[in-house]
Amino acid sequence: MSAPDYGRAFGLWRARAGEDWEAYVDHAFVKGLGDGTLPRGAYLHYLVQDYVFLVHFSRAWALAVVKSETLEEMKAAAATVDGLVNHEMAHHVEICAAEGISEAQLFAATESPANLSYTRYVMDAGLSGDFADLMAALMPCVLGYGEIGLRLAATSTPDTQYREWIDTYAGEAYQQLCRDTGAMCDASLARRIGNDFEAAPRWARLSERFTMATRLEVGFWQMGLDES
């Protein structure tokens, strides 16, 4: 599948990540979502860990508000925090409640090593770097899920038990979020490193951050599968 149009930086980072990107978006866990063969226990374990992940991911986007240099960046980061805390996490709560897992259990869940490694890497990128460093570490999750949603919408079994998950990330609302976030990322990079991204001295380091976060996404999928 060709790269979705989520901006210049995403296209360049995605190409540079190469096999790591394909390992992420075409992981066995993802394939199981598409054809419905993913064990329900693995999916529920993933949802619980994803809830814990979203807690830290929300904090990372809140840090993006602090690291912002423009009102547009602040608004985008603040809107993402709101979407995560008040909508996506609530959706996780609803799904898990139907399976007998309470919100209190979600919030108290023990964080897996794969989850901890990923979320703390993202936070460290923001704490030790600037807004651009943080965006490079955040984009694999935001934009990768958009690409996975599109892939599965085009190839998945119509009656897969994970249709709701697929439709969420393939849907126009999430796809517009990806386009908007990619455009914001491009603008933030142009402001900090110039319009010619690849010629900037910082580009290699930012690309490394994106690739490392991609590898950690692979580990997150594998964490889910290991519970099956």
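Here goes a summary of the coordinates provided.

Thresholds applied
Along each chain, the written sequence defines residue order, and numbers are assigned to residues from 1. Two thresholds apply to this predicted model, a pLDDT of at least 70 for residue-level local features and 80 or more for giving and counting side-chain atom pairs, whereas whole-chain, interface and lining totals are computed over all residues. As a rule here, side-chain values cover all heavy atoms of the structure and leave hydrogens and water aside. Salt bridges, as used here, are contacts in which a Lys or Arg side-chain nitrogen is within 4 Å of a carboxyl oxygen on Asp or Glu. The helix count covers DSSP runs of H or I at least four residues long, the strand count covers runs of E at least two residues long, and both are numbered beginning at the N terminus. Buried, partly exposed and exposed residues are distinguished by accessible area as a fraction of the type maximum, computed with a 1.4 Å probe on protein chains only: under 20%, between the cut-offs, and over 50%, respectively. For this analysis, residues touch if any pair of their heavy atoms sits within 4.5 Å. We define a nonpolar core as any set of buried Ala, Val, Leu, Ile, Met, Phe, Trp, Tyr and Cys residues linked to one another through side-chain atoms lying within 4.5 Å. Stacked, tilted and edge-to-face are the three classes assigned to paired rings of Phe, Tyr and Trp, where Trp is represented by its six-membered ring and a pair needs centres within 6.5 Å; plane angles under 30 degrees give stacked, over 60 edge-to-face, the rest tilted.

Observations regarding the pattern of salt bridges
Inference 1: As enumerated under the stated definition, the model contains 16 salt bridges in all.
Inference 2: Where Arg192 meets Glu69, a salt bridge forms, and the shortest distance between an N and an O atom there is 3.7 Å. Here the residue Arg192 occupies a position in helix α10 (residues 172-193), and Glu69 occupies one in the loop between α4 (40-67) and α5 (71-98), the gap between them amounting to 123 residues.
Inference 3: The buried category is assigned to Arg192, whose relative accessible area is 16%.
Inference 4: Glu73 is the salt-bridge partner of Arg192, the closest N and O atoms lying 2.8 Å from each other. Pair noted here: Arg192 is in helix α10 and Glu73 is in helix α5, with a separation of 119 residues, a long-range link. Per residue, the accessibility class of Arg192 equals that of Glu73, and both read buried.
Inference 5: Salt bridges sharing common partners tie together Arg14, Glu22, Glu147 and Arg151.

Considering the side chain of His56
Inference 1: The topology assignment puts His56 in helix α4.
Inference 2: Residues contacting His56, with those up to four places away along its chain left out, are Glu111, Thr119, Arg120 and Met123.

Observations concerning the nonpolar core
Inference 1: If you look at the biggest cluster of nonpolar residues, it comprises 75 residues, and the most contacted ones within it are Trp13, Trp61, Met135, Trp165 and Leu189.
Inference 2: With 15 residues, the top contributor of residues to this core is α4.
Inference 3: Sequence-distant contacts of Trp61, that is, excluding residues within four places in its chain, are made with Ala77, Thr80, Val81, Leu84, Met135, Leu138, Met139, Val142, Thr181 and Met184.

Examining the packing of aromatic side chains
Inference 1: Taken as a whole and assessed by the stated rule, the structure comprises 24 aromatic pairs.
Inference 2: Note on Trp165 and Tyr169: the rings are 4.7 Å apart at their centroids and 55 degrees apart in plane angle, and the pair reads as tilted. In this pair, Trp165 and Tyr169 are both assigned in helix α9 (residues 163-170), four residues apart and thus about one turn of the helix distant. Accessibility classification places Trp165 together with Tyr169 in one group, the buried group.

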